[in-house]
2 protein chains.
Amino acid sequence: MATSSAGYDPKIFTPLTFHDAVPAFLAGSDTPRAYLERCVETIAAREPAVRAWVSLRVEGARADADAATERYRSGRPLSSVDGMPIGIKDLIETKDLPTTNGIAGNEQHTRRDSACVQALRKAGAIILGKTVTTELGGATPSVTTNPFDPARTAGGSSAGSGAVIGARMVPAALGSQVGGSLIRPASYCANFALRPTMGGLHRGERLGYSHSILGVHAGSISDMWHVAIEIAKRSGGDPGYPGLFGGDEPSEPIKPRRLIAIETEGWKLTDERTISAFEAVLDQFRALGITILRRQDRYPIEAFEQSIAEAGQIVGGIIAWENRWSYENLVELMPGKLSRWTLAVLDRGRAMTLEDYRALLARKEEASRRLQALAPLADAILTLSSAGPAPLFEKPDNPDPRVPYGTTGSSSFNSATSVLGLPAVTIPLLGVDRMPVGIQVIGQPHQDDTVTGLARWIAEHVSPVTA
Amino acid sequence: MATSSAGYDPKIFTPLTFHDAVPAFLAGSDTPRAYLERCVETIAAREPAVRAWVSLRVEGARADADAATERYRSGRPLSSVDGMPIGIKDLIETKDLPTTNGIAGNEQHTRRDSACVQALRKAGAIILGKTVTTELGGATPSVTTNPFDPARTAGGSSAGSGAVIGARMVPAALGSQVGGSLIRPASYCANFALRPTMGGLHRGERLGYSHSILGVHAGSISDMWHVAIEIAKRSGGDPGYPGLFGGDEPSEPIKPRRLIAIETEGWKLTDERTISAFEAVLDQFRALGITILRRQDRYPIEAFEQSIAEAGQIVGGIIAWENRWSYENLVELMPGKLSRWTLAVLDRGRAMTLEDYRALLARKEEASRRLQALAPLADAILTLSSAGPAPLFEKPDNPDPRVPYGTTGSSSFNSATSVLGLPAVTIPLLGVDRMPVGIQVIGQPHQDDTVTGLARWIAEHVSPVTA
């Protein structure tokens, strides 16, 4: 694997954060407007190479930042994210910017705000622009490059939201995940990120998938949590779901007593250096007195691993079936515009029957039952966030268009959490081949607050590992 | 209550049916084109008074009918609904007709087919037009009049879909229900109708409510079932749901052994003549050797009744919260266009918190648990489909805009099935004040096939009652 000239070192990289600027806003020694201008400068410097933004509203953001500056001056910020510049994945509707859904040449402009965007505006956050998504959130590669090596992907589908954090352009961005679309780019781009429990943040117009989720990319756990909870408080979760649980502040750090380290289907696809870095992290846990349990240690862990051994196939089938009706419409509405990756998903869906889909739901339910058996064994589950660092763009694309996730990387460590709707926080803890790789802390449903506290403790007590 | 000159007698009224025309299509003595022309003639005669259609595509339907005629001629119909003219509630997208969502002056045309419409076209059914809905499916009265008395409402929100069946314009129409929007107009307009188990038929773009459902209005149980199952086979249920279960043909008639007759919150709101007609039906059941259990007979029935005693409040709160983000957008996009009923729902949602919504979900879950305790007691649940016949338009509207369901009638017999997502089939069995009233057979989740079989037996063995 080639090394880049710039590269990434987890011991040196300092992400952009917002929460620690707030005291200065209140004291008057810094302002949201000045903070925004620093973001705009970084974007001007980095965007030509990173290509993370579809659109920006700099003048509108400046007006919003001035209003936030006034609120801090009068000591009455609207929330913990008042004045925070945020990037919005371009699958999510914003009334003042078009939503392309990653389709080249799509000029759709709904002039609506998605529920999460409404919530962010009410909380005073600044919608700075739309971040690049792969086409319809699928496996089609995007134009965005990795902020630590322009020869590599930023991942997908939330490519831009991952990259804007890695490039220090903004302190937080919204992403979404139905396969590996949030945790994977976060891993490739050295983000912290939360993919909440299924239904945690209202998906607005994006309710067509049974298990997709909105989440937050950020440079710090504090900003990550603040963005998530301020959305949840205002727009709630998906219809029928209780939404993200937790307080206004992120959980205090929680030291785990026991952790389950799982392999998922990703283990066999991961390079040796990444595996060795992950094992070095597990050794640190053991040295800190934390028990690590693995598939060979307890039967319920082995049973769970078996039930998710083909999670990627389950996710792929569910996506194909659930996409069918909307893709059929898009094919008619935009003839010739959709990529071969998207058309392959449609073909797969057309070949399915309702019974095929029911079988996938049954396999998902079986894995959920086996997951419940893990609850008494440990405080949380731990695994890699991606199968190694971001691959190079030059990697030859798979000639079979039915095999997804070519050049946006493998979602093999994300399919299980996606289909089971589990809360996960990724921590940028590893540097492999001078590129970032994350590890993720995974909980039972509705343990978002707990996994956030565990992730805080890990980020504070476990040393970054390079390999 | 005034009587109309025309009026309704359940012993005389003969609905329009399709399934019994199919043998003649196959024999060549009748054709789908001729069937369609008879529908078009009826529409020409009745529509000026009934006002059930927003738009029609007669020429397109004629071409579709000719194609179906050819398929029958060659002995290869696509399905049991090949050539069937169907009305589509105007909340549901059709690529060749606009979708107004019941908003006056809304010219939106998405040029997409909803999942159910895609399925119907693939099955050979003929999309004849869009039927009137109340504004956004809410409590705003519509222009549609009752086919048995133009001085009365056809109900709502599926006003047009109920009326086109009562007026014998088409043999089937699609409706939807989030409160009482499907079973209530079916009751008022002498329809058979199926509201499936939650998630039974894919809602397409209409996924914003946690418990709304698509269903079928028809002149017969056979047509009702055929339409539903042919949709389910092709588009499946909602994302994450297994969809409607059952065979290509409706269940054989099933004689019940025991039935639970429930009151719901509607009982106290119902006139004496309707109550007496329903009691006369119960007497017929007893005479046929069927045990009737009521709230005073078994504690679990009383406990269930108590848990749904405020189902209307639960539904209203859930609707208000879940509508909030989309209505906020509509208010900005269509200033001044929305009715006071819609704005009242938005105001109610704005006043809610996430904790308020979570409390409503908890009450729904408690009622679901109590429902499960009824399963061993009886084959199904029985109740009225509406709190008496359709009210007169002249009924003074409630001056408090926060009180919904003014002139579209009371959904008090429908809120519980709506929020609990239960399968229900309504049977046009009563004539009260020379107007139709239905009774509904309600099952546990996924007993759609069973309640259809029970409804068939009841329709064949229980005599209509007039009062």
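Shown above is the structure to which this text applies.
Below, the structure is looked at part by part.

1. Points about the overall build of chain A
When helices and strands are counted, chain A shows 14 helices and 14 strands. For chain A, whose C-alpha radius of gyration is 21 Å, the value lies close to the compact-globule estimate of 23 Å for 467 residues. Considering only C-alpha atoms, chain A reaches an extent of 60 × 60 × 50 Å along its principal axes. Element-wise, carbon and sulfur atoms account for 54% of the exposed surface of chain A, whose accessible area totals about 15,700 Å². Positive and negative charge centroids in chain A, built from 48 and 51 side chains respectively, lie 1 Å apart.

2. Thoughts on the interface of chain B and chain A
In this complex, chain B contributes 42 residues to the contact, which on the side of chain A involves 40 residues. A combined buried area of about 2,800 Å² lies between chain B and chain A, and 54% of that area is made up of carbon and sulfur atoms. Together, Trp 325, Asn 329 and Arg 358 of chain B form the three largest contributors to the area buried by chain B at its contact with chain A, with a combined 21%. Our count for the chain B to chain A interface comes out at two salt bridges. Here Lys 95 of chain A makes a salt bridge to Glu 332 of chain B, at a shortest N to O gap of 2.9 Å. Taken together, chain B and chain A are joined by 20 residue pairs in polar contact (both at pLDDT 80 or more). Listed by contribution, the elements that provide at least two residues to the side of chain B that touches chain A are helix 4 (115–122), helix 7 (221–235), helix 10 (311–333) and helix 12 (354–372) of chain B. It is helix 10 of chain B that provides the largest number of residues to the side of chain B that touches chain A, a total of eight residues.

3. Observations regarding the pattern of salt bridges
Under the defined criterion, the tally for this structure stands at 67 salt bridges over all chains. A salt bridge links Arg 38 of chain B to Asp 30 of chain B, with the nearest nitrogen and oxygen atoms 2.8 Å apart. Under the relative-accessibility criterion, Arg 38 of chain B is labelled partly exposed at 40%. Exposure remark for Asp 30 of chain B: the relative accessible area of 15% places this residue in the buried category. Of the charged contacts in the structure, one is a salt bridge between Arg 456 of chain B and Glu 460 of chain B, with a shortest N-O distance of 3.9 Å. With Arg 456 of chain B and Glu 460 of chain B both in helix 14 (residues 448–461) and four residues apart, the pair spans about one turn of that helix. One salt-bridge network, held together by shared partners, links Arg 33, Glu 37, Glu 59, Arg 62 and Asp 66 of chain A.

4. Some remarks on the pairing of strand 12 (residues 424–432) of chain A
Residues and elements named next belong to chain A. By the criterion of burial, strand 12 is predominantly enclosed, with nine of the nine residues buried. Sheet topology note: the strand 7 (residues 192–195)/strand 12 ladder contains three bridges and is antiparallel. When the bridges of strand 12 are listed, Arg 195 appears paired with Ala 424. Between strand 12 and the antiparallel strand that follows it, strand 13 (residues 435–442), lie two residues; Asp 433 among them carries a positive phi value of about 60 degrees. Inspection of the sheet shows strand 12 paired to strand 14 (residues 465–466) by two bridges, in the parallel sense. Note on strand 14: the bridge partner recorded for Gly 431 is Thr 466.

5. Things to note about the packing of helix 2 (residues 32–50) of chain B against helix 3 (residues 58–73) of chain B
All names here are of chain B. Here helix 2 crosses helix 3 at 150 degrees, and the two axes come no closer than 7 Å. Relative to helix 3, the element helix 2 lies roughly antiparallel. For the pair helix 2 and helix 3, contact is made by Pro 32, Arg 33, Leu 36, Glu 37 and Val 40 and by Val 58, Ala 61, Arg 62, Ala 65, Asp 66, Ala 68, Thr 69 and Tyr 72, respectively. Tallied by class, the residues present in the contact of helix 2 with helix 3 amount to eight nonpolar, one polar and four charged.

6. Things to note about the relation of the copies chain B and chain A
If you rotate chain B by 180 degrees and push it 0.0 Å along the axis, it lands on chain A with an RMSD of 0.0 Å. Taken together, the rotation and translation relating the two chain copies correspond to the operation of a two-fold axis. Within chain B, Leu 207 of chain B has its C-alpha nearest the rotation axis, a separation of 3.1 Å. Mapped onto chain A, 95% of the interface residues of chain B are again interface residues, and the two copies thus contact each other with one and the same surface.

7. Some points on the side chain of His 226 of chain B
Take His 226 of chain B: it is sitting in helix 7. Excluding anything up to four places from it in sequence, His 226 of chain B contacts His 19, Ser 80, Val 81, Asp 248, Glu 249 and Pro 250 of chain B.

8. A short note on the environment of Leu 361 of chain A
Turning to its location among the elements, Leu 361 of chain A is positioned in helix 12 (residues 354–372). For Leu 361 of chain A, a relative accessible area of 5% puts it in the buried group. In the structure, Leu 361 of chain A is positioned 44 residues away from Gly 317 of chain A in sequence and 9.9 Å away in space, judged by C-alpha atoms. Residues contacting Leu 361 of chain A, with those up to four places away along its chain left out, are Ile 318 of chain A together with Gly 240, Tyr 241 and Pro 242 of chain B.

9. Re helix 14 of chain B
Since one α-helical turn is 3.6 residues long, residues separated by three or four positions face the same way. Residue and element names in this part refer to chain B. A rise of 1.5 Å per residue sets the reference length of helix 14, with its 14 residues, at 20 Å; its end C-alpha atoms lie 20 Å apart and thus fit the reference within 8%. Of all the positions in helix 14, only Asp 448, Val 451, Thr 452, Gly 453, Leu 454, Ala 455, Trp 457 and Ile 458 are classed as buried. Buried residues along helix 14 sit against strand 7 (192–195), helix 7, helix 8 (272–287), strand 11 (380–384), strand 12 (424–432) and strand 13 (435–442).

10. A look at unusual backbone geometry
The residue after Gly 156 of chain A, namely Ser 157 of chain A, is reached through a cis peptide bond having omega 0 degrees. Mapped onto the elements of the fold, Ser 157 of chain A is located in the loop between strand 5 (149–153) and helix 5 (159–166). At Thr 264 of chain A, a position not held by glycine, the phi torsion is positive, near 55 degrees. Looking at the secondary structure, you find Thr 264 of chain A in the loop between strand 9 (258–261) and helix 8 (272–287). Unusually for a residue other than glycine, Leu 136 of chain B sits at a positive phi of about 55 degrees. For Leu 136 of chain B, the location among the structural elements is in the loop between strand 3 (126–131) and strand 4 (145–146). The class of Leu 136 of chain B is buried, set by a relative accessible area of 13%.

11. Notes on the packing of helix 7 of chain B against helix 14 of chain B
All names here are of chain B. Contact geometry for helix 7 and helix 14: axes closest at 11 Å, N-to-C directions at 165 degrees. Between helix 7 and helix 14, the angle falls in the class roughly antiparallel. The handedness of the crossing between helix 7 and helix 14 is left-handed. Across the interface between the two elements, Ile 221, Met 224 and Trp 225 of helix 7 pack against Asp 448, Asp 449, Thr 452, Ala 455, Arg 456 and Ala 459 of helix 14. Here the contact of helix 7 with helix 14 is composed, by residue class, of five nonpolar, one polar and three charged.

Cut-offs used in this document
Residues numbered from 1 in each chain as written. Chains lettered and ligands numbered in written order. Predicted model: local features only at pLDDT ≥ 70, side-chain atom pairs only at ≥ 80, totals over all residues. Heavy atoms only, no water. Helix = DSSP H or I, 4+ residues; strand = E, 2+ residues; numbered from the N terminus. Rg over C-alpha atoms; globule rule 2.2 N^0.38 Å. Areas by Shrake-Rupley, 256 points an atom, 1.4 Å probe, with all protein chains shown as cover. Lys, Arg positive; Asp, Glu negative; His and termini not counted. Charge placed at Lys NZ, Arg CZ, Asp CG, Glu CD. Contact = heavy atoms within 4.5 Å. Buried area = accessible area lost by both parts, 1.4 Å probe. Salt bridge = Lys/Arg side-chain N within 4 Å of Asp/Glu carboxyl O. Polar contact = N/O pair within 3.5 Å; in protein donor to acceptor, adjacent residues only side chain to side chain. Buried < 20%, exposed > 50% of the residue type's maximum accessible area, 1.4 Å probe, protein only. Pairing = 2+ DSSP bridges. Axes fitted to C-alpha atoms, helices over the stretch in contact; angles between N-to-C directions. Parallel < 35°, antiparallel > 145°, perpendicular 65-115°, else oblique. Nonpolar A, V, L, I, M, F, W, Y, C, P; charged D, E, K, R; others polar. Least-squares fit on C-alpha atoms with pLDDT ≥ 70 in both. Expected span 1.5 Å × (residues − 1). Left-handed = near helix turned anticlockwise from the far one by under 90°.

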